[in-house]
Amino acid sequence: MAYSFPEEVLEHVFSFLHSDRDRNAVSLVCKSWYEIDRWSRRRVFIGNCYAISPRAVIRRFPEVRSIKIKGKPHFADFNLVPDGWGGYVFPWITAMASSYPWLEEIHLKRMVVTNACLELIAKSFKNFRVLVLSTCEGFSTDGLASIAANCRNLRELDLRDSEVDDLSGHWLSHFPDSYTSLVSLNISCLGSEVSFSALERLVSRCPNLRSLSLNRAVPIDRIACLLRQAPQLVELGTGAYNAELRPDVFSSLSGAFSCLKELRSLSGFWDAVPAYIPAVYSVCSGITSLNLSYTTMQNPDLTKLVSQCPNLQQLWVLDYIEDCGLEAVAASCKDLRELRVFPSDPYEEDEFDIALTERGLVSVSEGCTNLQSVLYFCRQMSNAALISIAQNRPNLTRFRLCIIEPRSPDYLTLQPLDAGFGAIVEHCKGLRRLSLSGLLTDRVFEYIGTHAKKLEMLSVAFAGESDLGLHLVLSGCESLRKLEIRDCPFGDKALLANAEKLETMRSLWMSSCSVSFGACKLLCRRMPRLNVEVIDETSEVAESRPESFTVQKLYIYRSVAGPRLDMPDYVLSMGEESPDLIG
Amino acid sequence: MDALCAPADKSIIDLEATELRLGLPGTSSSSSEKLQIFVGRSNKRPLGESSMEGSSNSRSSSSSSNDPEKDGCLGCSIPPSKTQVVGWPPIRSYRKNSLQHKKEEEAKFSGIYVKVSMDGAPYLRKIDLGGYEGYRQLLTALEEMFKLAIGEYSERDGYKGSEYAPTYQDKDGDWMLLGDVPWEMFRSSCKKLRIMKGTEGVGLTCSP
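Remember, predicted model here, so these are calculated numbers, not experimental data. (Residues numbered from 1 in each chain as written. Chains lettered and ligands numbered in written order. Predicted model: local features only at pLDDT ≥ 70, side-chain atom pairs only at ≥ 80, totals over all residues. Heavy atoms only, no water.)

Please explain the overall build of chain A as it appears in this structure.
Of the regular secondary structure elements, chain A holds 21 helices and 23 strands. For chain A, the C-alpha radius of gyration of 25 Å lies close to 25 Å, the compact-globule estimate for 583 residues. By principal-axis analysis of the C-alpha atoms, chain A measures approximately 70 × 65 × 60 Å. When contacts within chain A are restricted to residue pairs at least 6 apart in sequence, those whose partners lie at least 24 apart make up 71%. Element-wise, carbon and sulfur atoms account for 51% of the exposed surface of chain A, whose accessible area totals about 22300 Å². For chain A, the distance from the average site of its 61 positive side-chain charges to the average site of its 71 negative ones is 8 Å. (Helix = DSSP H or I, 4+ residues; strand = E, 2+ residues; numbered from the N terminus. Rg over C-alpha atoms; globule rule 2.2 N^0.38 Å. Contact = heavy atoms within 4.5 Å. Areas by Shrake-Rupley, 256 points an atom, 1.4 Å probe, with all protein chains shown as cover. Lys, Arg positive; Asp, Glu negative; His and termini not counted. Charge placed at Lys NZ, Arg CZ, Asp CG, Glu CD.)

Below you can see the structure in the form of structure tokens.
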């Protein structure tokens, strides 16, 4: 070729492409671009750890520095996936230990991480910098001690929402005195007390510390001295925020907070006592992110705090905020982009509602013009409210509504909420994520299939009437990647009619639906690059199940790695040569 | 089963068989009809029922012949005892644990919180029974909270002279009139409060 660029130039150009999609597109242009991209790809995202083998990833991308891997299906968060299902990261770590000596970052979500994994990470990657374990499990604080002791260049240790076998807080003391590179530490999920003096020394010797999320065990009277060592903090998660009001503690705390000129994000506040809240008022004007979802504080103190944050972009809060609080948010927090309201008492059996209704969400949708992302738990909803929200905020990209009682109709008209959700998908043309709830017929799926062309993830529960619903979604939603369904009357017909569609998606989860064993086998035969896994916790032997048997739980995902080999005995792969049929 | 073995190139099966419509199998309906049918039938047809069963609400052109109030709603057959559904509502365990912890804390340290509801009011309130020393104080607080008058308690007549009767649910699940038992006994057994309106509270009067 007379006019080809030298490789170095192309590589440099490619380095400006940050999205995986763009890089993937580049690699398809021609063989030499494929090769250049291959050798220069530094970040890899594996959306499903079973979609491809570690060896295959390493073969294609030999020089990776950062890897993100996801394991269990999303519904595992709600205890729908039994223990021992899988998502083990160990095979990935062992493969990378020998092939990626310069690996710097590991981000894992919903994976099983053992102490052996952590020890191997600590030993194998000399320049290791970032470890993010999001909703992971399987390790103890001993594993964390290995990381602390050996990763000299560690910048970030983030254990968000993971389940850790918390033996003691002693692990933190394993960071050597010579270690000074900490930038971000999130231990909010840990139960036991870490050695406070070790924590304080760590904070004081790490000048680049930007993000510190403490755990509940750190008492309020210890925070001030920590903050004074780290006035450069951008993110802070407090520990328990309660104590009897003592003026000296209060003024010390207040003074410490007023030195945090860079602070943008606040969280923690377990058991917050209103008396201590004014200590943070000095930082409120700069706060862009506020997570009060562990705070049992109620109104008026709760609303008062939130309304003092005019630059708030992200708010996570419990329903103690009530409609009146959300009206205040709508008036004061004009730059709000994300709102999440969680239920304080999800199993409440009273017939009366807490003072948070659909009105709160409608207010925010009216007042906050930049609102894009919503997660809202409530007890009543109406089509009129949903239509209002849709018309107010066509720029919504994520809309997750959970009406707590399954199959709740529009409380004003007793009609299904089809029209309301229909309005959401019709007006919000950029909607990428949607969770449905309430009383819904197949009609809502017609709206979704017709309008939700950018929708990537859909969660459905207790909805629909027939296979038509599922068919409308699978055939209409062009961008659909993840679909998770529970307790809906969807069965074989829609699934088999849209078999090819499933290979264009990352995964499909269906539990307590009407899919037959026979249909699963048929699907698997027709689509060799789909793994069709049936989860069945009853004690019957696999072979004895008739074709018409309705499967409990079904997880289908595309894969180039074939059926996985680490399934527990209650997971059956429908592949014809699956191991379970042999043994 | 025929549909399952359809040839590979016919990727969309004949969906008429699964199409939702009213009327007997074999009849067809226009789409505008269908729309009204959807709105109308949703109040009557319970979830999961086959669409093949034609029914009495095949009146597609008339205005809603259903009485939503009367017939209840589609699928609203809430089981008599609300059993917890696994994984619903969709809240992560660490959140649940956090709330649970809070409840335990509340119970241990910061008082005896009970919910207070009033007939006709859409919202619940919560009060700390530990903050009151007797029925008089509690009643005054309730009157203030809900802006109403409850009146004086008498063992024989209950709360005469008021259309409201303060009641509480005890540990055994029974609804009792406030004031019937000694204060301490009440405080230790009260699970929740309810201010009943009208004649409902009358029947709870303890006969001496």
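Explain the nonpolar core to me, please; I cannot follow it from the model alone.
Most often, soluble globular proteins have nonpolar side chains that are buried together. Counting residues in each nonpolar core, the largest one holds 200 residues, and the members touching the most others are Ile106, Tyr241, Phe257, Phe399 and Ile448 of chain A. Looking at this core element by element, the count peaks at 6 residues for helix α20 (residues 517–526) of chain A. (Core = buried A, V, L, I, M, F, W, Y, C linked by side-chain atoms within 4.5 Å. Buried < 20%, exposed > 50% of the residue type's maximum accessible area, 1.4 Å probe, protein only.)

Please explain the pairing of strand β22 (residues 553–558) of chain A as it appears in this structure.
Residues in a regular strand point their side chains to alternate faces of the sheet. Residues and elements named next belong to chain A. Of all 6 residues in β22, 5 are buried; the element is thus mostly enclosed. Sheet analysis places strand β20 (residues 507–511) next to β22, joined by 5 bridges and oriented antiparallel. Looking at the pairing, Leu508 lines up with Ile556 of β22. (Pairing = 2+ DSSP bridges.)

Just to check I follow, could you spell out a nonpolar patch on the surface for this structure?
Residues and elements named next belong to chain A. Side chains of Phe5, Val9 and Val13 sit close together on the surface and give an oily, nonpolar patch of about 280 Å² of accessible area. With respect to the helices, strands and loops of the structure, Val9 is situated in helix α1 (residues 7–14). Residue classification places Val9 among the partly exposed residues on the basis of a relative accessible area of 36%. (Patch = residues over 30% accessible without salt bridge, like charges linked within 9 Å, V, L, I, M, F, W, Y side chains within 5 Å. Salt bridge = Lys/Arg side-chain N within 4 Å of Asp/Glu carboxyl O.)

What should I look at first to understand the sheet that holds strand β1 (residues 113–118) of chain B in this one?
Strand pairing in a sheet takes place through backbone hydrogen bonds and is either antiparallel or parallel in direction. Residue and element names in this part refer to chain B. If you walk across this open sheet you meet the 5 strands as β2-β1-β7-β5-β6, and the pairing is mixed. For this open sheet the edge positions go to β2 (125–128) and β6 (175–177), each flanked by a neighbour on one side alone. This sheet shows a mean twist of 30 degrees between the axes of neighbouring strands, independent of strand direction. Bridge analysis of strand β5 (residues 164–170) against β6 gives 3 bridges, and the strand direction is antiparallel. Paired with Thr167 across the strands is Leu177, a residue of β6. Its contacts with the sheet put helix α4 (residues 135–146) on β1, β2, β5 and β7 (190–197), and the angle it makes with β2 is roughly 155 degrees. (Axes fitted to C-alpha atoms, helices over the stretch in contact; angles between N-to-C directions.)

Can you walk me through the pairing of strand β14 (residues 338–342) of chain A in this structure?
Residue and element names in this part refer to chain A. Among the 5 residues in β14, 5 count as buried, and that is most of the element. Side-chain alternation along β14 places Glu338, Arg340 and Phe342 on one buried face and Leu339 and Val341 on a second face that is also buried. With 5 bridges connecting them, strand β13 (residues 314–318) and β14 associate as parallel partners. Paired with Leu318 across the strands is Phe342, a residue of β14.

So what exactly am I meant to see when it comes to the packing of aromatic side chains here?
When we look at a pair of aromatic rings, we describe it by the centre distance and by the angle of the planes. Applying the stated criterion across every chain yields a total of 26 aromatic pairs over all chains. When the centroid spacing of 5.3 Å and the interplanar angle of 40 degrees are considered together, the rings of Tyr135 of chain B and Phe186 of chain B count as tilted. Separated by 51 residues along the polypeptide, Tyr135 of chain B in helix α4 and Phe186 of chain B in helix α5 (residues 183–189) bring together distant segments of the chain. You'll find Tyr135 of chain B and Phe186 of chain B in the same group, each marked buried. Among the aromatic side chains, those forming a connected cluster through ring pairs are Tyr50, Phe75, Phe78, Trp85, Trp509, Tyr555 and Tyr557 of chain A. Lying across the ring of Trp85 of chain A, Arg564 of chain A places its NZ or CZ 4.3 Å from the centre. Over the ring of Trp175 of chain B we find Arg194 of chain B; its NZ or CZ atom is 6.0 Å from the centre of that ring. (Phe/Tyr/Trp six-rings, centres within 6.5 Å; stacked < 30°, edge-to-face > 60°. Lys NZ or Arg CZ within 6 Å of the ring centre and 35° of its normal.)

It is not clear to me how the pattern of salt bridges should be interpreted in this structure. Could you clarify?
Residue and element names in this part refer to chain A. The tally for this structure, following the rule as stated, stands at 29 salt bridges over all chains. With a closest N to O distance of 2.8 Å, Arg340 and Glu338 form a salt bridge. A relative accessible area of 19% means that Arg340 is categorised as buried. A salt bridge links Arg481 to Glu456, with the nearest nitrogen and oxygen atoms 3.1 Å apart. Note that Arg481 is positioned in the loop between α17 (467–476) and β19 (482–486) and Glu456 in the loop between α16 (442–451) and β18 (457–461), a separation of 25 residues in sequence. Residue classification places Arg481 among the partly exposed residues on the basis of a relative accessible area of 25%.

Looking at this model, I keep getting lost on helix α14 (residues 383–392) of chain A. Mind explaining?
Residues and elements named next belong to chain A. Looking only at α14, the buried set comprises Asn383, Ala385, Leu386, Ile389 and Ala390. One side of α14 holds all its buried residues, which, seen down the axis, span an arc of 160 degrees. Looking at the buried side of α14, the elements it contacts are α13 (358–367), β16 (398–403) and α15 (418–427). (Arc of directions from axis to C-beta.)

Looking at this structure, I do not really get unusual backbone geometry. What am I missing?
All names here are of chain A. In the segment running from Asn299 into Pro300, the intervening peptide bond is cis, with an omega of 0 degrees. Mapped onto the elements, Pro300 comes out in the loop between β12 (289–292) and α11 (301–307). The backbone of Asp161 sits at a positive phi, close to 60 degrees, despite the residue not being glycine. With respect to the helices and strands, Asp161 occurs in the loop between β6 (156–158) and β7 (163–165). Overall, the relative accessible area of 25% leaves Asp161 in the partly exposed class. Of note, Leu414 is a non-glycine position whose phi angle comes to about 65 degrees, a positive value. Take Leu414: it is sitting in the loop between β16 and α15.

I keep staring at the side chain of Arg92 of chain B and nothing clicks. Help me out?
Tracing the backbone through its elements, the reader meets Arg92 of chain B in the loop between α2 (68–71) and α3 (93–108). Of the polar contacts made by the side chain of Arg92 of chain B, one reaches the side chain of Thr135 of chain A; its length is 2.9 Å. Not counting residues within four places of it along the chain, the set of residues in contact with Arg92 of chain B comprises Asp77, Phe78, Arg110, Thr135 and Asp161 of chain A. (Polar contact = N/O pair within 3.5 Å; in protein donor to acceptor, adjacent residues only side chain to side chain.)

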